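Residues per chain are reported as follows:
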Amino acid sequence: MMYVLTFIVQLLLVLTFLWTCSTVFLGLVTRRKKRPVVAGPSRFAVLVCAHNEANVVGKLFQSLEDQDYPGELYRVFLLADHCDDATAEVGRRYPHVTVLERQEGPRTGKGAVLSWGIPRIRKQYGREFSHIVIFDADNMADRGFLSALDWSFRRGARLVMGNRLPLNPFDNLISQWYSMYWLSVDLFSKPRYNVDLPGIISGTGFGFDASLLEPDGWHTRTIVEDMEFSMQQNFKGVFSEYQDKARFYDEQPVTLRGMVSQLRRWMTGNYQIARLYRKEWLAHFRARPDARLIDNFVPMLMCVVFGFYFLTNVLWVGNRALNGLPPLAGKDILWWTMLYVLSLVMGTCAIKEGDLPVKKMLPGILTGGFFCIFLSLVAVWSVFFPQKKWIPIAHVHEAGPEK
């Protein structure tokens, strides 16, 4: 029985791994076709959701003030949610920033803030903005961020994910793990873009055609509003596009508590989406089969399957020990050695792609495989003990990205 269970989990893991490798390989050997300009310049409403972020949000506003995009074509909106510090006052110092303060209702996360703020902006400004961009308060945009998004939108894209880079990769081991994770996502996204597979909408640093909000506006219900919004657009036949030149920086967690909280939120939210949208997803897939719909679930599936695989291996080792056999057979040692070497190769490639010094990131590279195991175990834990509410993570970095 133990052998059969381990085999099934291992088979699922191999299938998801092969899917990822094959899509990346196809992207590497495919040259994306050039696309003509089909639209005029984008007019951006840049939304920044913040709760008590006075210490860090200024660097984001300054980076948006410094964009190489025409100033008359964008405006920044600070959605200050239940703030009791100087967040709103910081926003008012910048000419491009309009501050909207929310005090009513419970503080339940970014999805609720967007549901509150977007209707107010659209009521006041009507159709002035053709596209909406979402940022978190701890971010910082590269000078060419809006120009890069505009390049994609003018060529027909409707939902675009930027290139997420680490702001604080050298703080400690946890920030190194996170940095490697996001750089690995970018590493996979670049070739997959060549074969029209969607990038992962990762909560911040993305933009979309404002018409996608018709007719119901922003209406997410889970604690991962970004992934849910992306799924909703998939049902309309709109899939995200990765834009490598839309670079922005994101502060990474540095505490174990913050890391666990964030990972649990991601995984719980993914399960919420699967539960809420499974029937609608199946109906759309039956009506119009599309590999991109399957692709939505592969990252989540790989995480949870790897977690179950690790647990079944622990049980397998225990079962062998109880029966007086060596805990690990030769093939087990070879398999886990191969997985560890793969984590070293992937981590090194991601760090180099992100133009970070390998030597300085070596602790994260050497232990990155353990982060993968930890992430997968959190995925399994969240199946049985989902996170009940959105928990904010404190941000402290006032300056730009570490070099």
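(A) How the structure looks around the overall build of the protein. Within the protein, the regular secondary structure consists of twelve helices and eight strands. Its C-alpha atoms give the protein a radius of gyration of 22 Å, near enough to 22 Å, the size a compact globule of 403 residues would have. Dimensions of the protein, computed from C-alpha atoms along their principal axes, come out at roughly 75 × 45 × 40 Å. The buried share of the protein, taken over its 403 residues, is 52%. For the protein, long-range pairs separated by at least 24 residues make up 82% of all intrachain contacts whose partners lie at least 6 apart in sequence. With the model as given, the accessible surface of the protein reaches about 19,300 Å², and the carbon-plus-sulfur share is 63%. Considering the protein, the positive charge centre built from 45 side chains and the negative charge centre built from 37 side chains are found 6 Å apart.

(B) Region of interest: helix 6 (residues 173-193). If you check helix 6, its first and last C-alpha atoms are 30 Å apart, about what 21 residues at 1.5 Å a residue would give, namely 30 Å. Here helix 6 lies mainly inside the structure; 17 of its 21 residues are buried. Near the N-terminus of helix 6, the side chain that reaches the backbone nitrogen of Ile174, with its oxygen 3.1 Å away, is that of Asn172.

(C) Region of interest: helix 2 (residues 57-65). Among the nine residues in helix 2, seven count as buried, and that is most of the element. Along helix 2, the residues classified as buried are Val57, Gly58, Lys59, Leu60, Phe61, Ser63 and Leu64. Looking at the buried side of helix 2, the elements it contacts are strand 1 (44-50), strand 2 (74-81), helix 3 (87-92), strand 3 (97-102), strand 4 (131-136) and strand 5 (140-141).

(D) Structural view of the nonpolar core. Counting 60 residues, the largest nonpolar core has Leu47, Phe135 and Phe208 as its most contacted members. Take this core: its biggest share by element is seven residues, from strand 1. Val9, Leu263, Phe306 and Val378 belong to the second-largest nonpolar core, a separate cluster that totals 23 residues.

(E) Just the packing of helix 6 against helix 11 (residues 330-353), in detail. Closest axis-to-axis distance for the helix 6/helix 11 pair is 8 Å, and the angle between their directions is 80°. Classified by the angle between their axes, helix 6 and helix 11 sit roughly perpendicular to one another. Contacts between helix 6 and helix 11 involve Met180, Leu183, Ser184, Leu187, Phe188 and Lys190 on the former and, on the latter, Met346, Gly347, Cys349, Ala350, Ile351 and Glu353. Its residues placed into classes, the contact of helix 6 with helix 11 shows eight nonpolar, two polar and two charged.

(F) Expanded view of the packing of helix 7 (residues 225-234) against helix 8 (residues 256-287). Where helix 7 contacts helix 8, the two axes come as close as 10 Å, and the packing angle between them is 15°. Relative to helix 8, the element helix 7 lies roughly parallel. Of the two elements, helix 7 crosses helix 8, and the hand of that crossing is right-handed. Contact with helix 7, carried on its side by Met227, Glu228, Met231 and Gln232, involves Asn270, Ile273, Tyr277 and Trp281 of helix 8 and no other residues of that element. Its residues placed into classes, the contact of helix 7 with helix 8 shows five nonpolar, two polar and one charged.

(G) Summary view of the layout of surface pockets. Roughly 370 Å³ of volume is contained in the second largest pocket. Along the wall of the second largest pocket there are 14 residues; nearest its centre are Trp151, Tyr193, Gln243, Asp244 and Lys245. When residues of the lining of the second largest pocket are assigned to their parent elements, the largest contribution, four residues, is made by strand 8 (residues 241-250).

(H) Inspection of a nonpolar patch on the surface at higher detail. Together, Val4, Phe7, Ile8, Leu11, Leu12, Val14, Leu15, Phe17, Leu18 and Leu342 make up an exposed nonpolar region whose accessible area comes to about 840 Å². In this structure, Leu18 sits in helix 1 (residues 2-28). Residue classification places Leu18 among the partly exposed residues on the basis of a relative accessible area of 48%.

(I) Focus on the sheet that holds strand 8. As summarised here, the arrangement of the eight strands in space is 3-2-1-4-7-6-8-5, forming an open sheet in which the pairing is mixed. At either end of the open sheet lies a strand with only one pairing partner, and these are strand 3 and strand 5. Where strand 1 meets strand 2, seven bridges bridge the pair, whose relative direction is parallel. In the strand pairing of strand 2, Leu47 is matched with Phe77.

(J) How the structure looks around empty space enclosed by the protein. Within this structure, the stated rule accounts for one cavity of 30 Å³ or more. Space inside the largest cavity adds up to approximately 40 Å³. In terms of lining residues, the largest cavity is bounded by Met161, Gly162, Arg164, Trp182, Val185, Asp186, Ser189, Ile200, Ser202 and Tyr242. Those elements that provide at least two residues to the lining of the largest cavity are strand 6 (159-166) and helix 6. It is helix 6 that provides the largest number of residues to the lining of the largest cavity, a total of four residues.

(K) Just the pairing of strand 4, in detail. Extensive coverage of strand 4 is indicated by the burial of six of its six residues. With six bridges joining them, strand 1 and strand 4 adopt parallel strand pairing. Along strand 4, the bridge assignment pairs Leu47 with Ile134.

(L) Examining the environment of Gln103 more closely. By secondary structure assignment, the location of Gln103 is in the loop between strand 3 and helix 4 (110-125). The spacing of Gln103 and Met140 is 37 residues in sequence and 26 Å in space, taken between C-alpha atoms. Apart from the residues within four sequence positions on either side, Gln103 is in contact with His82 and Cys83.

The rules we used
Residues numbered from 1 in each chain as written. Predicted model: local features only at pLDDT ≥ 70, side-chain atom pairs only at ≥ 80, totals over all residues. Heavy atoms only, no water. Helix = DSSP H or I, 4+ residues; strand = E, 2+ residues; numbered from the N terminus. Rg over C-alpha atoms; globule rule 2.2 N^0.38 Å. Buried < 20%, exposed > 50% of the residue type's maximum accessible area, 1.4 Å probe, protein only. Contact = heavy atoms within 4.5 Å. Areas by Shrake-Rupley, 256 points an atom, 1.4 Å probe, with all protein chains shown as cover. Lys, Arg positive; Asp, Glu negative; His and termini not counted. Charge placed at Lys NZ, Arg CZ, Asp CG, Glu CD. Expected span 1.5 Å × (residues − 1). Polar contact = N/O pair within 3.5 Å; in protein donor to acceptor, adjacent residues only side chain to side chain. Core = buried A, V, L, I, M, F, W, Y, C linked by side-chain atoms within 4.5 Å. Axes fitted to C-alpha atoms, helices over the stretch in contact; angles between N-to-C directions. Parallel < 35°, antiparallel > 145°, perpendicular 65-115°, else oblique. Nonpolar A, V, L, I, M, F, W, Y, C, P; charged D, E, K, R; others polar. Left-handed = near helix turned anticlockwise from the far one by under 90°. 1 Å grid on protein atoms, 1.4 Å probe; cavity = no way out; pocket = protein on both sides within 12 Å on 5 of 7 lines; lining within 4 Å. Points joined across faces, edges and corners; volume = space filled by probe spheres on them. Patch = residues over 30% accessible without salt bridge, like charges linked within 9 Å, V, L, I, M, F, W, Y side chains within 5 Å. Salt bridge = Lys/Arg side-chain N within 4 Å of Asp/Glu carboxyl O. Pairing = 2+ DSSP bridges.

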